[in-house]
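Take a look at the letters that make up each chain.
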Amino acid sequence: MTVISIQSQVAWGHVGNSAASFPIQLHGIDVVAVPTTLLSNRPGYPTIRGRVLDVQLVADLLRGIEERGAVEAARLILSGYLGSADIAMDVADFVDRAKATNPALLYCCDPVLGDRDRGMFVRSDIPPLVRDQLCPLADIITPNHFEFEFLCGARVTTIDDVVAQASALMARGPQTVVITSAELAGTPQSEIETLAIERTQSDKTCAWRVRTPRVPISPSGTGDLFAALFVAARARSLATPDALSHAASSVHGVLERTAQSGTEEMRIVESAGVMLDPKPRFAAVAIAAS
C-alpha cells in the first residue's frame, strides 16, 4: 500500500513532506515522497536556506517514480505546497497520467495557499491554477477556512454556507471537501472545528463536524499533518467520518504534546502513539445536509 506525496521538504522542523511522511508510514503505508522545495527550515526563522526546485527536476522525479511502478501500487496521491506555477501545472499533468494508468487511484489536493493570519503566502500565479486545474482533478480537497473561501469565491460564516459552497465545489470535481480550522457562527471560542462534506454515489450530500479543544499554540504544518493523517485513514479504507475523527483527534493530541514541550516545531515523532490511537477521540457528528 503506497501514497505518493508531492510537497515541500525541510531539513529542520515539520512542514510539507517533513510533517506528512512519518505519520503516513506509521500506519503501515509506504510513502513515495517527491519534494517541490528543499529548504533548511520553514519561513519564520531569522534565516532560511535552499530553494524552490526547478520544474524540470520535479517533472523528472515524477517520471522516475512512474517508471518504477509507483502509480500502479498507489492508493492515493497527496499534493501540498507546490512552490511555483510551473510545478502546479506539472503536478496536474502527472495526476492526469496517473489516473489514466490507475483508475482506482484517488487524488487528495491540500491547497496550501494561505491562512487568515497571513493572507496568501504563495506566488500570485499559483492560487488560480490550484483552484481551476488541481481541485477539479481531485477526489478530496482539504482547505483551511481561508483557502475554502478563496476556492468558492464567497464568505462562509454558517454551516448552511459551508454545505452550499462545498456542494458547488463538488459539482466541479471533488467528491469530498474537508475544511480545517473552520470559524463559524456558533463555534465556541474554546474549540476548533473541522468539517467534511461528501457527495455519495447516489448523489446525496452528507456532512459531519468534529470539534476539538483549542490548544493555545499555532505551530506551522498542522494542515500538512491533518491532510496526511486523513489520507492515511482513507488509504486504509476508513469511511470519511471515521477518517475525519481520527485525523482531527490525532492532530489535537500532537498539539497537546507540543504545548507541553514548549517547542516551536510540532513533536511529531514522539507523538507516534497519539497518532496511532488518539485519546481522547473526538467523534464526527452528522450535521444537516440535503
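A short tour of the structure in this document, coming up.

What counts as what
- Residues numbered from 1 in each chain as written.
- Predicted model: local features only at pLDDT ≥ 70, side-chain atom pairs only at ≥ 80, totals over all residues.
- Heavy atoms only, no water.
- Helix = DSSP H or I, 4+ residues; strand = E, 2+ residues; numbered from the N terminus.
- Rg over C-alpha atoms; globule rule 2.2 N^0.38 Å.
- Buried < 20%, exposed > 50% of the residue type's maximum accessible area, 1.4 Å probe, protein only.
- Contact = heavy atoms within 4.5 Å.
- Areas by Shrake-Rupley, 256 points an atom, 1.4 Å probe, with all protein chains shown as cover.
- Core = buried A, V, L, I, M, F, W, Y, C linked by side-chain atoms within 4.5 Å.
- Axes fitted to C-alpha atoms, helices over the stretch in contact; angles between N-to-C directions.
- Parallel < 35°, antiparallel > 145°, perpendicular 65-115°, else oblique.
- Left-handed = near helix turned anticlockwise from the far one by under 90°.
- Expected span 1.5 Å × (residues − 1).

1. Comments concerning the overall build of the protein chain
No. 1: Along the backbone of the protein chain there are 10 helices and 12 strands.
No. 2: For the protein chain, the C-alpha radius of gyration of 18 Å lies close to 19 Å, the compact-globule estimate for 290 residues.
No. 3: Taken along its principal axes, the extent of the C-alpha atoms in the protein chain is 45 × 45 × 35 Å.
No. 4: Within the protein chain, the proportion of its 290 residues that are buried is 54%.
No. 5: Relative to all contacts within the protein chain whose residues are 6 or more apart in sequence, the contacts with residues 24 or more apart total 68%.
No. 6: For the protein chain, the exposed surface amounts to about 12300 Å²; the carbon and sulfur share of it is 50%.

2. A few points about the nonpolar core
No. 1: One finds I4, I77, Y107 and L134 to be the most contacted residues of the largest nonpolar core, which totals 52 residues.
No. 2: Looking at which element gives the most residues to this core, the answer is helix α4 (residues 85-101), with 8 residues.
No. 3: Among all residues touching Y107, those that are not within four sequence positions of it are I77, S79, V91, V95, K99, L134, L137, A138, D139 and I140.
No. 4: Counting 37 residues, the second-largest nonpolar core is a separate cluster that includes V31, V178, C206 and A228.

3. A word on the packing of helix α8 (residues 222-235) against helix α9 (residues 240-261)
No. 1: One can describe the packing of α8 onto α9 by two numbers: an axis separation of 8 Å at closest approach and a directional angle of 140°. The angle between α8 and α9 places the two elements in the oblique class. Once α8 is placed against α9, the crossing between them reads as right-handed. Contact residues: α8 offers T222, L225, F226, L229, F230, A233 and R234, while α9 offers T240, A243, L244, A247, A248, S250, V251, V254 and L255.

4. Points about the environment of L113
No. 1: The residue L113 is located in the loop between β5 (106-109) and β6 (114-115) in this model.
No. 2: Sequence separation between L113 and T200 is 87 residues; the distance between their C-alpha atoms is 28 Å.
No. 3: Not counting residues up to four positions away in its chain, the partners in contact with L113 are G119, M120, F121, V122, I126, P127, V130, E147 and F150.

5. Looking at α4
No. 1: Given a rise of 1.5 Å per residue, 17 residues ought to cover 24 Å, and the 25 Å separating the end C-alpha atoms of α4 matches this to within 8%.
No. 2: Residues of α4 that are buried: A85, I87, A88, D90, V91, A92, F94, V95 and A98.

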